[in-house]
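# Architecture and fold: a report
Read off the chains here:
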Amino acid sequence: MVKLHLRYGLGAAIATSLSLFAQGTATLAGQVTDPSGAAVPAARVMVENAVTKYRAEAESGQDGGFSIRSIPFHTYQVSVSKPGFQAWQQNISLRSTVPFVLITKLELAAASDSVTVNSGESALLVDPEETGTHVQMNQGDIDRLARQAGNRGLESVIVSFPGFAQNANGAIHPRGAHNQMTFVIDGMPISDQLTGAFANAVDPNIVQTVELFTGNIPAEYGAKVSAVANITTRPGLGFGRRFGGSLSLNAARYDLLSQVTQVAGEAGRLGYSATVNTMKTNRYLDAVSLDDLHNGGNSERGFFRFDIQGGARDLFRINGMTGRSSFQLANLRSQHAKGMDQRQMLRDASGSFSWIHTVSARATLESTTSYRTTDARLAPSAGDTPVTASQQRHLATFTTGARFNTIRGAHNLRAGFDVQRFPVSESFSFGITERSFNDPASDSYNPNLRPYDLTRGGGHFRFAGKRAGGLYSGFVQDSVKLERWQFTLGLRLDAYRLLVRGSQLQPRLGASYHIRETGTVLRASYNRLYQTPPNENLLLSSSGKAASVAPPAVGEALGSAVAPIRPERQDFVEAGVQQALGKRAGLNISYYHKQAHDQQDNNNFLNTGIIFPITLSKIRVNGLEARLVAPPARGVSGSLSITHSRAVSTPPFSGGLYIGNDAVDALSAGPFVIDHDQPLAIHGILTWNHRSGLYVTFSTRYDAGLVANPSDPAEVAKDPDFSDLLGYVNLAADPPRVNPRTILDCGLGFERTKDGRRRWDLSTQVSNLTNRTALYSFQSVFVGTRVVQPATMGLRFRWFL
């Protein structure tokens, strides 16, 4: 028989000689021996999860030792094999940064040539240790996913999971929130609003694995936690060669041209990886009309990572990331006719330094210090209408923190702290350039805008401000396994300091129960969440200067024109069930209820890329989600995500910069269904991979339609900028919504391999295959009007070094 020992903390000499590659990932290490105890070199050790499609392998060395690092937390099937010996496999839970040590003694091959210690792949269809909604996707799937060509970042991948409503320019709404997401890249938190019009998104090409949390958020995460994407980038250590990489060339409709260059390698104790991505297109943003006017742009993004093995117990990592985008702001027909030529530039740069120390066979210590800076500039033009505007804003974020991890019996403990400082500076101006925009004879006339009406002798509205704030956090969390039960017990404390001062103690509690006989896992959780306000444009939104231009109806309806924007306080309850469907599929169903005070959102400044944070008194969100996953079988795999949500907001509101009465009417008339609300969204993915290298991917998404502005159809019909969009929005509905849409994307490719290595890859992709004309939004107070991209065909050639 096969003899083995496996657990955390066994084999201290092996465990303490290993350091970890990334915060939030696991390490599997150990030794393979024969029946006499002699080392077995060249044994193949594989870690695999057919549901998440994660796969990694290593070969034992001359001493029989092996290690596999940067493994996302999950349960995996681990197998050990070598010709002449009985193959062995077992499911192992890897949930800690403390190295997991596996000592395997292989028996010589006999009549039975394999040993399976437990139920194998079918047991992975459910995860008994998950007490909330948590999903994963890996680089292999991201590479072959049929996605819209153009300026789309990692959000185009995330939207395929349950719980997200899709909006324009890459914006996604997690579980009834406007955005409020945090991206954690190798331990560096980024809580900026990452959408195509507002900031440079995360490049999906740098991702090795993305873990997405939307329910029972671990206590270590704070600030923006409606969803958390924990990203592990591609490491160089373990690459197996000194130098390698790939060059990808892409072309598509709208004169899109792009390239992605990636390199990686290792030499002794040093590993490195880097990515450079450049792109230009004549449809940079989602258009504001069917004509796609004045909408070109380009972007450049870069990333590097160095891993340095400092000794037997220490690993040091240096990450750097930068991005730049320059683009035109899409015009309406009337704006284009007058020569409007507004342009925007976005720049960001960030760097982090991490130290990971193996304290003992049962404990590790991690620390990360990072700095990130972002700049945004809006340049006006002589033809601006109906308003001219300019902006320059800067945000810097300095973060330092540490994590201590230890395994003690049934307890998997993790505790730490974060200190974050964020200086903010803003400069903004606008002036009315269209005489009819704020006509004194109109019923919607706002006398407070009269001083800034350039057509009637007024001057520019101007604002400039600087402030610095901080967020100071500490947490402790424990995961406890007791037979069929799994408990996650977390507590977090946040102290927020900027325009307001506040703090919140946040319990994060969850439990699951495994019914092994039926392949069922029941779970429930309660989270107290504290969502800090967005820092971008916060100073102006909260200022008396902004309140001074609001219509007089604001004071009449709401009692005050100036109120601070406070952190959002949420109570979040989730219940769910996982069910294995035979041995071929797994089903995960979740129901959640969120009750929040000081709800955060944004209002859009006309159709520019400028958005201003606002708050409403409260929001109530209920949702039901389901995800069906079919692991690969004969090359075919797939997933189906279904989302229903209902989001109702209650005034009064504060913040923002409104220059019309329509917005005030919408936000002060009583509880209303907010634009994040969507009765039904369905996203399906079907993939076929043939052993010859041929692959096909289909992706289809149905959206029932987000809430639109309650515009008067008669007025819209008379407006040449919007009249041809009336057929794509139902203004007679209660509430008004853009019409339902189904968008089909597909991809076809061939990957050439030789001697076990990829050589080249050729693929073609069509997004919106049926050329469906549809809207993301219509005259929305929050996001304006945006049109879904028409059918677009692209071609990609990738050469592997």
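Structure's up top.
A short tour of the structure in this document, coming up. (Residues numbered from 1 in each chain as written. Predicted model: local features only at pLDDT ≥ 70, side-chain atom pairs only at ≥ 80, totals over all residues. Heavy atoms only, no water.)

### Considerations on the overall build of the protein chain
The helix and strand inventory of the protein chain stands at nine helices and 43 strands. Taking the principal axes of its C-alpha atoms as reference, the protein chain extends roughly 95 × 50 × 50 Å. The buried share of the protein chain, reckoned over its 801 residues, is 59%. Contacts in the protein chain between residues far apart in sequence, at least 24 positions, make up 69% of those at least 6 positions apart. (Helix = DSSP H or I, 4+ residues; strand = E, 2+ residues; numbered from the N terminus. Buried < 20%, exposed > 50% of the residue type's maximum accessible area, 1.4 Å probe, protein only. Contact = heavy atoms within 4.5 Å.)

### Overview of empty space enclosed by the protein
The full count for this structure, using the stated rule, is 16 cavities of 30 Å³ or more. Roughly 710 Å³ of volume is contained in the largest cavity. Lining the largest cavity are 40 residues, with Arg147, Asn250, Ser258, Gln765 and Arg796 positioned closest to its centre. For the lining of the largest cavity, the element with the highest residue contribution is strand E43 (residues 792–800), accounting for five residues. (1 Å grid on protein atoms, 1.4 Å probe; cavity = no way out; pocket = protein on both sides within 12 Å on 5 of 7 lines; lining within 4 Å. Points joined across faces, edges and corners; volume = space filled by probe spheres on them.)

### Details of a nonpolar patch on the surface
A cluster of nonpolar side chains, Leu247, Leu249, Trp760, Leu762, Leu795, Phe797 and Trp799, forms an exposed patch at the surface whose accessible area comes to about 640 Å². No other element matches the three residues that E43 contributes to the nonpolar patch. (Patch = residues over 30% accessible without salt bridge, like charges linked within 9 Å, V, L, I, M, F, W, Y side chains within 5 Å. Areas by Shrake-Rupley, 256 points an atom, 1.4 Å probe, with all protein chains shown as cover. Salt bridge = Lys/Arg side-chain N within 4 Å of Asp/Glu carboxyl O.)

### Digging into the sheet that holds strand E10 (residues 134–138)
Taken together, the five strands give an open sheet; going across it, the order is E10-E15-E16-E13-E14, and neighbouring strands pair in mixed fashion. One side of each edge strand has no neighbouring strand; the edge strands of this open sheet are E10 and strand E14 (188–190). Averaged over neighbouring strand pairs, the angle between their axes works out to 20° when direction is ignored. Where strand E13 (residues 181–185) and strand E16 (residues 227–233) come together, five bridges link them in parallel fashion. (Pairing = 2+ DSSP bridges. Axes fitted to C-alpha atoms, helices over the stretch in contact; angles between N-to-C directions.)

### Considering the pairing of strand E39 (residues 741–754)
With ten bridges connecting them, strand E36 (residues 694–703) and E39 associate as antiparallel partners. The residue bridging Phe698 from the neighbouring strand is Cys746, located in E39. Pairing of E39 with strand E40 (residues 757–767) involves nine bridges; the strand directions are antiparallel. For Thr753, the partnering residue across the bridge sits in E40 and is Arg758.

### Regarding the environment of Leu249
Its place among the elements puts Leu249 in strand E17 (residues 244–252). Take Leu249: its relative accessible area is 46%, and that puts it in the partly exposed class. Once the C-alpha coordinates of Leu249 and Gln579 are considered, the two residues, 330 residues apart in sequence, prove to be 42 Å apart. Those residues within four positions of Leu249 in sequence are excluded, and the remaining contacts are Ser258, Gln259, Leu795, Arg796 and Phe797.

### Examining the side chain of Glu625
Tracing the backbone shows Glu625 in strand E32 (residues 611–633). Not counting the four nearest positions on each side in its chain, Glu625 is found in contact with Pro162, Gly163, Arg175, Asn588, Ile589, Ser590, Tyr592, Ile642 and Thr643.

### Some remarks on the environment of Glu48
Topologically, Glu48 is positioned in strand E3 (residues 44–49). Here the alpha-carbon distance between Glu48 and Leu454, two residues 406 residues apart in the chain, equals 65 Å. Ignoring anything within four residues of it in the chain, the contact list for Glu48 reads Tyr54, Arg55, Tyr76, Gln77 and Leu124.

### So, unusual backbone geometry
Cis geometry is found at the peptide bond from Thr385 to Pro386, where omega equals 0°. Counting through the fold element by element, Pro386 comes out in the loop between strand E23 (363–379) and strand E24 (387–408). Non-glycine residue Asp186 carries a positive phi angle of around 50°. With respect to the secondary-structure elements, Asp186 resides in the loop between E13 and E14. For Asp186, a relative accessible area of 0% gives the class buried. In this structure, Asn768 is a non-glycine residue whose phi angle is positive, near 55°.

### Remarks on the pattern of salt bridges
In the structure shown here, the tally under the stated rule is 39 salt bridges. For Arg414, the salt bridge goes to Glu366, with nearest N and O atoms at 3.1 Å. In this pair, Arg414 sits in strand E25 (residues 411–432) while Glu366 sits in strand E23, placing the two residues 48 residues apart along the sequence. Here Arg414 matches Glu366 in class, with each residue buried. Shared partners join several salt bridges into a network, and the residues in it are Asp143, Arg234, Asp761, Arg796 and Arg798.

### Some thoughts on the nonpolar core
Grouped together as the largest cluster of nonpolar side chains are 39 residues, with contacts concentrated most on Phe428, Phe430, Phe461, Tyr496, Leu540, Phe605 and Leu657. Secondary structure elements with two or more residues in this core: E23, E24, E25, strand E26 (461–482) and helix H5 (538–541). Here this core takes five residues from E25, the largest share from any one element. One finds Val157, Val159, Ile185 and Val207 within the second-largest nonpolar core, a separate group that totals 29 residues. (Core = buried A, V, L, I, M, F, W, Y, C linked by side-chain atoms within 4.5 Å.)

### Brief notes about the packing of aromatic side chains
A full pass over the atoms with the stated rule returns 20 aromatic pairs. Ring geometry for Tyr54 against Tyr76: centres 5.5 Å apart, planes inclined by 65°, an arrangement best described as edge-to-face. Within this pair, whereas Tyr54 is found in strand E4 (residues 54–59), its partner Tyr76 is found in strand E6 (residues 74–81), the two being separated by 22 residues in sequence. As far as burial versus exposure is concerned, Tyr54 and Tyr76 are alike and both buried. Pairwise contacts between aromatic rings join Phe428, Phe430, Tyr452, Phe461, Phe605 and Phe612 into one cluster. The positively charged end of Arg144 is found above the aromatic ring belonging to Tyr695, 4.0 Å away from the centroid. (Phe/Tyr/Trp six-rings, centres within 6.5 Å; stacked < 30°, edge-to-face > 60°. Lys NZ or Arg CZ within 6 Å of the ring centre and 35° of its normal.)

### Let's talk about the pairing of strand E30 (residues 568–581)
Here E30 shows a buried face lined by Glu568, Gln570, Phe572, Glu574, Gly576, Gln578 and Ala580 and an unburied face lined by Arg569, Asp571, Val573, Ala575, Val577, Gln579 and Leu581. As judged from the twelve bridges shared by strand E29 (residues 520–531) and E30, these two strands associate in the antiparallel manner. The residue of E30 that forms the bridge with Leu522 is Val577. Of the strand pairs in this sheet, E30 and strand E31 (residues 585–604) are connected by 13 bridges, and their pairing is antiparallel. Bridge pairing in E31 places Ala575 opposite Tyr591. What sits between E30 and E31 in their antiparallel hairpin is a turn of three residues, with Gly582 showing a positive phi close to 65°.

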